[in-house]
Protein chains: 2
Amino acid sequence: MLTLFHHPMSSASRYIRLLLSEYGVATQLIVEYEWQKRYKFRTVNLAGTIPVLLEGKTPICGASVICEYLDETRGAYKTQSYFFPPNPLGRAEVRRLCEWFLIKLENEIIRHLVRERIYKQEMPKSQGGGAPDSSILRTALSNIQPHMQYLNWLAANRDWLGGSSLSYADFAASATVSILDYMGEIEWTSYPMAHDWYARLKSRPSFRSILADRIRVMAPIAHYADLDF
Amino acid sequence: MLTLFHHPMSSASRYIRLLLSEYGVATQLIVEYEWQKRYKFRTVNLAGTIPVLLEGKTPICGASVICEYLDETRGAYKTQSYFFPPNPLGRAEVRRLCEWFLIKLENEIIRHLVRERIYKQEMPKSQGGGAPDSSILRTALSNIQPHMQYLNWLAANRDWLGGSSLSYADFAASATVSILDYMGEIEWTSYPMAHDWYARLKSRPSFRSILADRIRVMAPIAHYADLDF
């Protein structure tokens, strides 16, 4: 059985959980707190970051690396699921969007919100725990609008984000958006096409475990798990 | 003909130039200064980052996306060059190392050194130009030793960084190392195995254009282009 080191508030981890569920691969989940810098976890992934997937005892580190690995071993060749377009330029566009959401949006918004609002409540003071830094939060929150506008534009101009069919880009984006939505930071009425796209993703069986995620220090917004939001 | 938007002091750009040269693909090079935030370049890559490869008029954005694209269109299927191992776990390890050097090492060292020492000399004051910030430089420089120790360990324990054969990991790492070496920041006597590995890379014909790189505001260290250093 596969093992995934993850955290419920890590968009890259949610992304891999979605893929594993789409491929119907049973996986053992272990919650890892990056900020603890656990020595034993560093022997699994020297970078100390999640997600990490264990295939047997071999670690596969990082969302895009795991995605390519799953595509090669559980994807198109083995199942009915094709989450890459058939042509190289199409795949390049899907990979670009995955990076956009999992790296750019993550670095500009998510990791700051998660650190300031969630991790800092759990961390001891000596490791940086305490009250959130309001100026960091303000900057991160101000980045939401342009990202949501772009998402709305993509959803308005394409059947799915990466083109004419459902792709890894949709899973990467929805994993990221689901964390912003958990925190109640998306004014859905301003982004109607993104809303309809997210509603389609949300109703997939693979999304169920994401919608069941709850963390101790922060409850989700009321509509978080509603398919009709 | 392909076109590459790049900068001589961008490790991700050097990485793609190495691959294009290995594949023998004629490419037009255009120097792009990310900090200028040129509007026309944003229409090519909304993220405003280099490298970007134009295939005809279609942009392919980001080093790892371009690498996968070149592998699919100019790689194993078309030429004698196989820079991915044949098995999925081997490819995962190569991709992990590419991210290690092109993202982690870049974020912890290179981008700070390049910004503080080079870009800031070219930028107008209104955009952040001026004297380098010594505390940022100090932090970045202190990260060199652990990264070089890891590189030395990899070079000591494997034929090539990613395993038993030359792979994308070697090109990603050597592209990054070549910028540190240009700046004279590597004490090669402390890392003998990394030295021998880099000497092998340096002597490949694909490295010639990298070794010919010069920028106006900073001359390279004396041994930079020597194959015997």
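Our structure's up above, just so we're on the same page.
Residues numbered from 1 in each chain as written. Chains lettered and ligands numbered in written order. Predicted model: local features only at pLDDT ≥ 70, side-chain atom pairs only at ≥ 80, totals over all residues. Heavy atoms only, no water.

**Some words on the packing of helix α1 (residues 11–22) of chain A against helix α7 (residues 168–182) of chain A**
All names here are of chain A. For the pair α1 and α7, interaxial distance at closest approach is 8 Å and the crossing angle is 130°. In this view, α1 runs oblique relative to α7, as classed from their interaxial angle. For the element pair α1 and α7, the recorded crossing hand is right-handed. Note on element contacts: α7 touches α1 through Tyr 168, Phe 171, Ala 172, Ser 174, Ala 175, Thr 176, Ser 178, Ile 179 and Tyr 182, opposite Ser 11, Arg 14, Tyr 15, Leu 18, Leu 19 and Glu 22. Each residue belonging to the contact of α1 with α7 can be placed in one class, and the counts come to nine nonpolar, four polar and two charged. (Axes fitted to C-alpha atoms, helices over the stretch in contact; angles between N-to-C directions. Helix = DSSP H or I, 4+ residues; strand = E, 2+ residues; numbered from the N terminus. Parallel < 35°, antiparallel > 145°, perpendicular 65-115°, else oblique. Left-handed = near helix turned anticlockwise from the far one by under 90°. Contact = heavy atoms within 4.5 Å. Nonpolar A, V, L, I, M, F, W, Y, C, P; charged D, E, K, R; others polar.)

**Considerations on the relation of the copies chain A and chain B**
Least-squares fitting of chain A to chain B yields an RMSD of 0.0 Å, with the transformation described by 0.0 Å of translation along the axis and a rotation of 180°. One copy is carried onto the other by what is essentially a two-fold rotation axis. Interface overlap between copies: 100% of the residues of chain A at the interface are likewise at the interface in chain B, consistent with a symmetric, same-surface contact. (Least-squares fit on C-alpha atoms with pLDDT ≥ 70 in both.)

**Description of the packing of aromatic side chains**
The final tally for this structure, using the stated rule, is 28 aromatic pairs over all chains. Grouping aromatic residues by their ring pairs yields a cluster made of Tyr 23, Phe 83, Phe 84, Tyr 168 and Phe 171 of chain A. Stacked on the ring of Trp 100 of chain B, the Lys or Arg Lys 104 of chain B has its end atom at 5.3 Å from the ring centre. (Phe/Tyr/Trp six-rings, centres within 6.5 Å; stacked < 30°, edge-to-face > 60°. Lys NZ or Arg CZ within 6 Å of the ring centre and 35° of its normal.)

**Regarding the interface of chain A and chain B**
Taken together, the contact pairs 23 residues of chain A with 23 residues of chain B. Between chain A and chain B, the buried area comes to about 2000 Å², and carbon and sulfur atoms account for 69% of it. Our count for the chain A to chain B interface comes out at six salt bridges. With its nearest N and O atoms 3.2 Å apart, the salt bridge here joins Glu 72 of chain A to Arg 95 of chain B. Connecting chain A to chain B are six residue pairs in polar contact (both at pLDDT 80 or more). Those elements giving two or more residues to the side of chain A that touches chain B turn out to be β4 (58–61), α3 (63–74) and α4 (88–122) of chain A. At 10 residues, the largest contribution of residues to the side of chain A that touches chain B is made by α4 of chain A. For the side of chain A that touches chain B, the residue count by class is 12 nonpolar, three polar and eight charged. (Buried area = accessible area lost by both parts, 1.4 Å probe. Salt bridge = Lys/Arg side-chain N within 4 Å of Asp/Glu carboxyl O. Polar contact = N/O pair within 3.5 Å; in protein donor to acceptor, adjacent residues only side chain to side chain.)

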